[in-house]
Amino acid sequence: KINRFIEGNCFYIKNLYVSNVEPNLKPWCKDLHDQTEATLKNVKNSIIFYGGILPNYIEEEQFFNGYVVNKRRSSKLLIYNEPSTRVARYSEIKTELSKTINEFADNNNIVVIIYPIPEAAWDVEKIIKIVPNFKSVNLHYDYKYFYSRSKKAFTIYDELEHKNIVKVVPSDLLCNNYIKEKCSINFNGSLFYKDYDHLNSLGNEILVDQIVDNLTYRLKNLENKN
């Protein structure tokens, strides 16, 4: 049985709501957030996959890959809605996210944390159509741009420690792997993205393999300890 609690720009942290930028600090996708909270607090002995473009809710600027800015994304904030509406500071985001994940894990759920997937920033669909012999071109950008944007999100996830947490880092596959110090959008005819920041079927297949490997390893360790 699979339940899905995700929509575009609706990153879930229990006590925080996604909001548009000031001055209109109003909860975005509040109904989905509240439904997610009400359901997941009762979920036990399951597997929860947790991920999204967390830097989009921490950093003020959109991703710049050294060539272009990711125009598909719009800036979002994380806010407290009660008792008064205000923007959450980074330290508060870190605290609330940690509480959210640990609550899942304490309920005997295996929590698979998917770290930020490197954004492409380019409109890959458009590039494919207008660049001759695109498959012969290796499209990439410097890893430093991804790391600079994602390091705060990495810090939050890196500091989470619980026996029921499994960590998956997509940038281990897409950056510094095919080309040193580069994040690859495609390589030697294989394309990994379908648009500005979503993986295509091949990219997802590679990611799922990593998820399965990491999850299997953790489950075997838990079984051996028991």
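Further up the page is the structure itself.
Residues numbered from 1 in each chain as written. Predicted model: local features only at pLDDT ≥ 70, side-chain atom pairs only at ≥ 80, totals over all residues. Heavy atoms only, no water.

## With respect to the state of the cysteines
Summed over all chains, the structure comprises two disulfides. With a sulfur-sulfur separation of 2.2 Å, Cys 10 is cross-linked through a disulfide to Cys 29. Measuring handedness by torsion sign, the sulfur bridge of Cys 10 and Cys 29 sits at about -135° and is left-handed. Of this pair, Cys 10 sits in the segment before β1 (17-19) while Cys 29 sits in the loop between β2 (27-28) and α1 (30-40); the two residues are 19 residues apart in sequence, bridging distant segments of the chain. What pairs with Cys 175 in a disulfide is Cys 183, and their sulfur atoms sit 2.1 Å apart. Of note, the bridge from Cys 175 to Cys 183 carries an S-S torsion of about 105° and is right-handed in sense. With a relative accessible area of 1%, Cys 183 lands in the buried category. Listing the disulfide partners of the protein by sequence rank of the bonded cysteines yields 1-2, 3-4. (Disulfide = S-S within 2.5 Å. Helix = DSSP H or I, 4+ residues; strand = E, 2+ residues; numbered from the N terminus. Buried < 20%, exposed > 50% of the residue type's maximum accessible area, 1.4 Å probe, protein only.)

## Digging into the sheet that holds β1
Taken in spatial order, the four strands make up an open sheet running β2-β1-β4-β5, and their pairing is antiparallel. A strand with exactly one partner marks an edge of an open sheet, and here the two such strands are β2 and β5 (86-87). Here β1 pairs with β2 via two bridges, running antiparallel. Its bridge partner lying in β2, Ser 19 is registered against Pro 27. (Pairing = 2+ DSSP bridges.)

## With respect to the environment of Phe 146
Inspection of the secondary structure puts Phe 146 in helix α5 (residues 143-158). Looking at Phe 146, the relative accessible area reads 3%, which means it is buried. The spatial distance from the C-alpha of Phe 146 to the C-alpha of Phe 192 is 16 Å, given a sequence separation of 46 residues.

## What to know about the pattern of salt bridges
Two side chains with opposite charge may pair up if their charged atoms get near one another. The full count for this structure, using the stated rule, is 10 salt bridges. Ionic pairing is found between Arg 86 and Glu 92, a salt bridge with its closest N-O pair at 2.8 Å. Assessed through its relative accessible area of 34%, Arg 86 is described here as partly exposed. Two residues, Asp 142 and Lys 182, come together in a salt bridge whose shortest N-O distance is 2.4 Å. With Asp 142 in strand β7 (residues 140-142) and Lys 182 in strand β9 (residues 182-184), the pair connects residues that are 40 residues apart, well separated along the chain. The exposure class assigned to Asp 142 is partly exposed, which follows from its relative accessible area of 25%. (Salt bridge = Lys/Arg side-chain N within 4 Å of Asp/Glu carboxyl O.)

## Observations concerning the pairing of strand β3 (residues 47-51)
Burial along β3 is one-sided: the face carrying Ile 48 and Tyr 50 is buried and the face carrying Ile 47, Phe 49 and Gly 51 is not. Pairing of β3 with strand β6 (residues 110-114), which is carried by five bridges, proceeds in the parallel orientation. In the sheet register, Phe 49 faces β6, and the bridge partner there is Val 112.

## Considering the pairing of β6
For β6, the tally of buried residues reaches five of five residues, placing the bulk of the element in the interior. Burial along β6 is two-sided: Ile 110, Val 112 and Ile 114 and Val 111 and Ile 113, pointing in opposite directions, are all buried. Direction of pairing for β6 relative to strand β8 (residues 165-168): parallel, over a ladder of four bridges. Residue Val 111 lies in a different strand from β8, and its bridge partner there is Ile 165.

## Let's talk about the packing of aromatic side chains
Evaluated as defined, the whole model comprises 13 aromatic pairs. For the pair Phe 11 and Tyr 57, a centre-to-centre distance of 5.5 Å together with 40° between the ring planes defines the contact as tilted. Here Tyr 57 lies in helix α2 (residues 55-58) and Phe 11 lies in the segment before β1, a separation of 46 residues in the sequence. Ring geometry for Tyr 115 against Tyr 157: centres 5.0 Å apart, planes inclined by 55°, an arrangement best described as tilted. Of this pair, Tyr 115 sits in the loop between β6 and α4 (124-130) while Tyr 157 is found in helix α5, placing the two residues 42 residues apart along the sequence. Accessibility assignment for this pair places Tyr 115 and Tyr 157 in one class, buried. For the cation-ring pair, Lys 76 lies above Trp 28, with the distance from its terminal atom to the ring centre recorded as 4.5 Å. The positively charged end of Lys 152 is found above the aromatic ring belonging to Tyr 90, 5.5 Å away from the centroid. (Phe/Tyr/Trp six-rings, centres within 6.5 Å; stacked < 30°, edge-to-face > 60°. Lys NZ or Arg CZ within 6 Å of the ring centre and 35° of its normal.)

Geometric values such as these leave the question of function open.
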